[in-house]
Amino acid sequence: MIHECWAQSTKEYESVRAFLKKHDLEFEPQASDTILIYDDENLVGSGSLDEGVLKCIAVASDRQGEGLLGTILTALVKRANERDFRHLFIYTKPKNEKRFKPFAFYPIAATESVLLMENRRHGIKTFVKSLPGQRSGVVGSIVMNANPFTLGHRYLVEQALQQVDELQVFVLSSAKSIVPPAARLRLVREGCADLDRVYVQDSNNYLVSSATFPTYFLPKDTVAEANAGLDIRIFIDYFAKELKITKRFLGTEPLSPITDSYNREMLALLPSEGVEVIVLQRKETQGEVISASRVRALMQQGNVEQVRPLVPDSTYQYLASEEGRRLFYTEKT
């Protein structure tokens, strides 16, 4: 008899890991919810939810075609809606597109190894067309997480603005950053409010974040390249095409090997797609680059005043507030 439950115990999670391994998949423990489908005592299907991303979905090979995939997806979508995630995504292998299309998931972009789908027909096209911008002259772009927005970010915006007629600044939407997405977007807008010709935009989860990019069906040594390849494909096919972007600005990256690798991928791939990549030197103070990670470390140490020279006034006021301090507060026992 078929029944379903949500994984809660260590034993259940170990069962999921073993089940996925049989299907050449790896369980991603950051998932908030995992559904298990049993036939009596036998695990025959499973799937997980990570923010608005449905992942780690598998059905036993001898039980496919029995509607178990639909059972898994229905349960995950319901749980996502309960958690207020309405815009949903699936990352999967390109060969699996036909499996998810009947459940109202539509392809956005694909590379040789990864396909991204969403539960909105023409969702990305509708979103990008709605973005403000002149769509003329020399249009440049910066993509940032801004966790939080610093004077280093502000410096990159100022330097890029000198080289374009219009600058589109996209803020990643992942909720896995310490500073919530709505606050990050607001702080970037406030930090750039005095600059003409700058449009600060929400990315609406379309520009890929390493926080939510899946690794469960990819060889570990290909994840960074796959992440960059998919993100670049989406940027070129939708954002650059619609907004007439011909320049993308990056900051030098001495701190994060992952970001540095991603930047090298952009340098290699974007020019052939008609987008010039310009690397700008990061702003320094006291011999160190101004970075969001530096600000976060100071906040976690309780050194709020030392943050002041590293961030705009609007960011400092937020971080010094009760709400901002609470994000970094760790009770000492």
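Since this is a predicted model, take the numbers as computed values, not measurements. (Residues numbered from 1 in each chain as written. Predicted model: local features only at pLDDT ≥ 70, side-chain atom pairs only at ≥ 80, totals over all residues. Heavy atoms only, no water.)

Asks: Break down the side chain of S173 for me, citing the residues and quoting the values.
Replies: Counting through the fold element by element, S173 comes out in the loop between β9 (166–171) and α6 (181–191). Residue classification places S173 among the buried residues on the basis of a relative accessible area of 12%. At a separation of 3.0 Å, a polar atom in the side chain of S173 contacts the side chain of S203. Only 3.0 Å separates the side chain of S173 from the backbone nitrogen of N204, close enough to count as a polar contact. If near-sequence neighbours (up to four positions away) are discounted, S173 is found in contact with P181, R184, D202, S203, N204 and N205. (Helix = DSSP H or I, 4+ residues; strand = E, 2+ residues; numbered from the N terminus. Buried < 20%, exposed > 50% of the residue type's maximum accessible area, 1.4 Å probe, protein only. Polar contact = N/O pair within 3.5 Å; in protein donor to acceptor, adjacent residues only side chain to side chain. Contact = heavy atoms within 4.5 Å.)

Asks: Residue-level account of the confidence of the model for the protein chain, with values.
Replies: Averaged over all residues, the pLDDT of the protein chain is 90; the fraction at 70 or higher stands at 92%. Confidence, expressed as mean pLDDT per element, reaches its minimum in the protein chain at helix α8 (residues 257–269) with 79 and its maximum at β9 with 98. (pLDDT = per-residue confidence, 0-100.)

Asks: Can you break down the environment of R186 residue by residue, with the values?
Replies: Looking at the secondary structure, you find R186 in helix α6. Residue R186 is classed as partly exposed on the basis of its relative accessible area, which comes to 35%. C-alpha of R186 to C-alpha of S291: the two residues are 105 residues apart in sequence and 18 Å apart in space.

Asks: Which residues make up the pattern of salt bridges, and what values do they have?
Replies: A side chain with one charge may pair with a side chain of the opposite charge, provided their charged atoms come close. For the structure shown, the criterion picks out 21 salt bridges. The salt bridge partner of E82 is R79, with a shortest N-O separation of 3.3 Å. Pair noted here: E82 and R79 are both in helix α2 (residues 68–82), with a separation of three residues, about one helical turn. The exposed category is assigned to E82, whose relative accessible area is 54%. Across the pair E190 and R186 runs a salt bridge whose closest N-O atoms are separated by 3.4 Å. Here R186 and E190 lie together in helix α6, a separation of four residues that amounts to about one turn. Residue classification places E190 among the partly exposed residues on the basis of a relative accessible area of 36%. Connected through shared salt-bridge partners, E28, D50, K55 and K176 make up one network. (Salt bridge = Lys/Arg side-chain N within 4 Å of Asp/Glu carboxyl O.)

Asks: Could you give an account of the nonpolar core, naming the residues involved and the relevant values?
Replies: Of all hydrophobic cores here, the largest spans 36 residues; its most connected members are V157, L167, V188 and V198. Residues contacting L167, with those up to four places away along its chain left out, are G140, S141, I142, V157, A160, L161, R197, V198, Y199 and F249. Counting 35 residues, the second largest nonpolar core, distinct from the first, contains V53, F89, L207 and I234. (Core = buried A, V, L, I, M, F, W, Y, C linked by side-chain atoms within 4.5 Å.)

Asks: Now, about the pairing of strand β4 (residues 53–59): what can you tell me, with residues and values included?
Replies: The buried count for β4 comes to seven of seven residues, which makes it a mostly enclosed element. Here strand β3 (residues 42–50) pairs with β4 via five bridges, running antiparallel. Residue L49 lies in a different strand from β4, and its bridge partner there is L54. Taken together, β3 and the strand that follows it, β4, pair antiparallel across an intervening segment of two residues, in which E51 is found at a positive phi of about 55°. Bridge count for β4 against strand β5 (residues 89–92) is two bridges, and the pairing is parallel. By the bridge assignment for β5, L54 is matched with I90. Once you follow β4 into α2 and on to β5, the crossover reads as right-handed. (Pairing = 2+ DSSP bridges. Right-handed = clockwise from strand over helix to strand, strands pointing away.)

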